[in-house]
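Observations on the model geometry
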Amino acid sequence: MSLTVVVLMDPIQSIHIEKDSTFAMLLEAQRRGHRLLYLNQGGLAVRAAAPWAHAAALRVRDDAQGWFTLGESYWQDLREVDVILARKDPPFDGQFLYDTMVLELAQRAGVLVVNDPQALRDANEKLFSLHFPQCIPPSVIAREAAEIKRFVAEHGDVVVKPLDGMGGRSIFRSGRGDPNLNVILETLTDNGRCFAVAQRYLEEIRDGDKRILLIDGEPVAYALARLPQGDDFRGNLARGGKGVGMPLTERERWIAAQVGPELRRRGMLFVGLDVIGDWLTEVNVTSPTCIRELDAQFGLNIAGLLFDVIENRRAEEHAA
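Residues numbered from 1 in each chain as written. Predicted model: local features only at pLDDT ≥ 70, side-chain atom pairs only at ≥ 80, totals over all residues. Heavy atoms only, no water.

1. So, the overall build of the protein chain
When helices and strands are tallied, the protein chain shows eight helices and 18 strands. Against the 2.2 N^0.38 benchmark of 20 Å for 320 residues, the protein chain shows a C-alpha radius of gyration of 20 Å, consistent with a compact globule. Sorting the 320 residues of the protein chain into buried and exposed places 53% on the buried side. Within the protein chain, counting contacts between residues at least 6 apart in sequence, those at least 24 apart form 68% of the total. Accessible surface, the protein chain: about 14000 Å² in total, of which carbon and sulfur atoms supply 49%. Here the protein chain contributes 37 positive and 45 negative side-chain charges, whose respective centroids are spaced 1 Å apart. (Helix = DSSP H or I, 4+ residues; strand = E, 2+ residues; numbered from the N terminus. Rg over C-alpha atoms; globule rule 2.2 N^0.38 Å. Buried < 20%, exposed > 50% of the residue type's maximum accessible area, 1.4 Å probe, protein only. Contact = heavy atoms within 4.5 Å. Areas by Shrake-Rupley, 256 points an atom, 1.4 Å probe, with all protein chains shown as cover. Lys, Arg positive; Asp, Glu negative; His and termini not counted. Charge placed at Lys NZ, Arg CZ, Asp CG, Glu CD.)

2. Quick look at the pairing of strand E15 (residues 222-227)
With five of six residues buried, E15 is to be regarded as a mostly interior element. Alignment of strand E13 (residues 209-215) against E15, held across three bridges, turns out to be antiparallel. Bridging from a neighbouring strand, Asp209 pairs with Arg226 of E15. As judged from the six bridges shared by E15 and strand E16 (residues 242-247), these two strands associate in the antiparallel manner. Paired with Ala223 across the strands is Met246, a residue of E16. (Pairing = 2+ DSSP bridges.)

3. Observations concerning the pattern of salt bridges
Considering all chains together, one arrives at 25 salt bridges under this definition. As a salt-bridge pair, Glu252 and Lys210 come within 2.9 Å of each other at their nearest N and O atoms. Taken together, the residues span a long stretch of sequence, with Glu252 in helix H6 (residues 250-265) and Lys210 in strand E13 at a distance of 42 residues. Note on Glu252: relative accessible area 1%, which makes it buried. Judged by relative accessible area, Lys210 falls into the buried class, the value being 13%. (Salt bridge = Lys/Arg side-chain N within 4 Å of Asp/Glu carboxyl O.)

4. Remarks on the side chain of Asn115
Among the structural elements, Asn115 can be located in the loop between strand E8 (112-114) and helix H3 (117-122). A relative accessible area of 4% places Asn115 in the buried class. Engagement of the side chain of Asn115 in a polar contact is seen with the backbone nitrogen of Leu269, the distance being 2.7 Å. From its side chain, Asn115 meets the backbone oxygen of Val285 in a polar contact 2.9 Å long. Ignoring sequence-local partners within four residues, the contact set of Asn115 consists of Leu120, Gly267, Met268, Leu269, Phe270, Val271 and Val285. (Polar contact = N/O pair within 3.5 Å; in protein donor to acceptor, adjacent residues only side chain to side chain.)

5. What about the pairing of strand E3 (residues 44-47)?
In this sheet, strand E4 (residues 50-60) lies alongside E3 in antiparallel orientation, the contact comprising four bridges. If you follow Val46 over to E4, its bridge partner there is Pro51. Connecting E3 to the next strand, E4, in antiparallel fashion are two residues, including Ala48 with a positive phi near 50°.

6. Comments concerning the sheet that holds strand E10 (residues 157-162)
The strand order E9-E12-E10-E11 describes an open sheet built from four strands, whose pairing is antiparallel. Looking at strand neighbours, the two that pair on one side only are strand E9 (139-142) and strand E11 (172-175), the edges of this open sheet. Mean inter-strand twist for the sheet, computed between neighbouring axes without regard to direction, equals 25°. The sheet strands contacting helix H4 (residues 145-155) are E9, E10, E11 and strand E12 (196-200), and the helix crosses E9 at an angle near 165°. Helix H5 (residues 181-189) contacts E9, E10, E11 and E12 of the sheet and is inclined by roughly 135° relative to E11. (Axes fitted to C-alpha atoms, helices over the stretch in contact; angles between N-to-C directions.)

7. Observations regarding unusual backbone geometry
Keep in mind that most residues, glycine aside, have a negative phi and that most peptide bonds are trans. A cis amide bond links Val114 with the next residue in sequence, Asn115, at an omega value of 0°. Even without a glycine there, the phi angle at Asp216 is positive, about 50°. Relative to the elements of secondary structure, Asp216 occurs in the loop between E13 and strand E14 (218-219).

8. Some points on the environment of Leu305
On the secondary structure map, Leu305 appears in helix H8 (residues 302-319). Note: C-alpha distance between Leu305 and Asp216 (89 residues apart in sequence) is 9.6 Å.

9. Overview of the state of the cysteines
When the sulfur atoms of two cysteines share a covalent bond, that bond is a disulfide. Summed over the entire model, instances satisfying the criterion amount to zero disulfides. Residue Cys290 stays outside any disulfide, its sulfur separated by 20 Å from that of Cys135, the closest cysteine. When its relative accessible area of 1% is taken as the criterion, Cys290 is described as buried. (Disulfide = S-S within 2.5 Å.)

What follows is the structure, given as structure tokens:
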């Protein structure tokens, strides 16, 4: 069954194909004979309460010298496609919020949107882990600096970060007696106007900030441990961390089993869990990565597992 697959993503000319999970999905979709259409945020529109996109036919190839070819852009009624991959990188800002509302119009017409638009709105990547208190380290989320400072006084060594960051951006390690704590909190909360999250610092970060990928609630058998390098405590690959694949531990399988059913219920087909030591720290639903690294290290085809689910969903809908 050939599908029309639309991808909503950041500019394709700017990606790094050796580590881009969206690119892995596009390669797999094309390998299976599906038709690809590309658009970015500026291409979405609503006409007479129907979702449209200024899209272009897309061909991809696994070649760092030239990895895509685009056809002429044209207006496409999104109710007439089969699948939409919503893969814009965070932050989840006001404009992407509106994008999910447009995509929901397509979903209501029977299009499979990955991940579900309502779930994208509901599952803030820093806050959604709070649905699983048995899995997370001691944490506090507040706008008021005094509340976060109370938490710091209790736990001593902490990590403080914004709710809308990605790739290790604006993550601070601080602690009791830090003379910079006030200015860190002023910056992150915009002087009390924005939420920030503080978590107890986990010494196990030395063994990596692990990314576990879940497909329709089921974990891939290997995680990518992102190891801090040099004098940086952050393991994020975007901040110079080294990615080393490892089989899932029993604790990591337990965490996946705690979280997976709720992700499946909400229609989140592709999700990345961030785990440090025994603790779940984030649930990444917007555009989780690490497919390419795990595929390369273990001979996997993670995008293939995702498209097995996508194709089965579409076949079931056609048979109903």
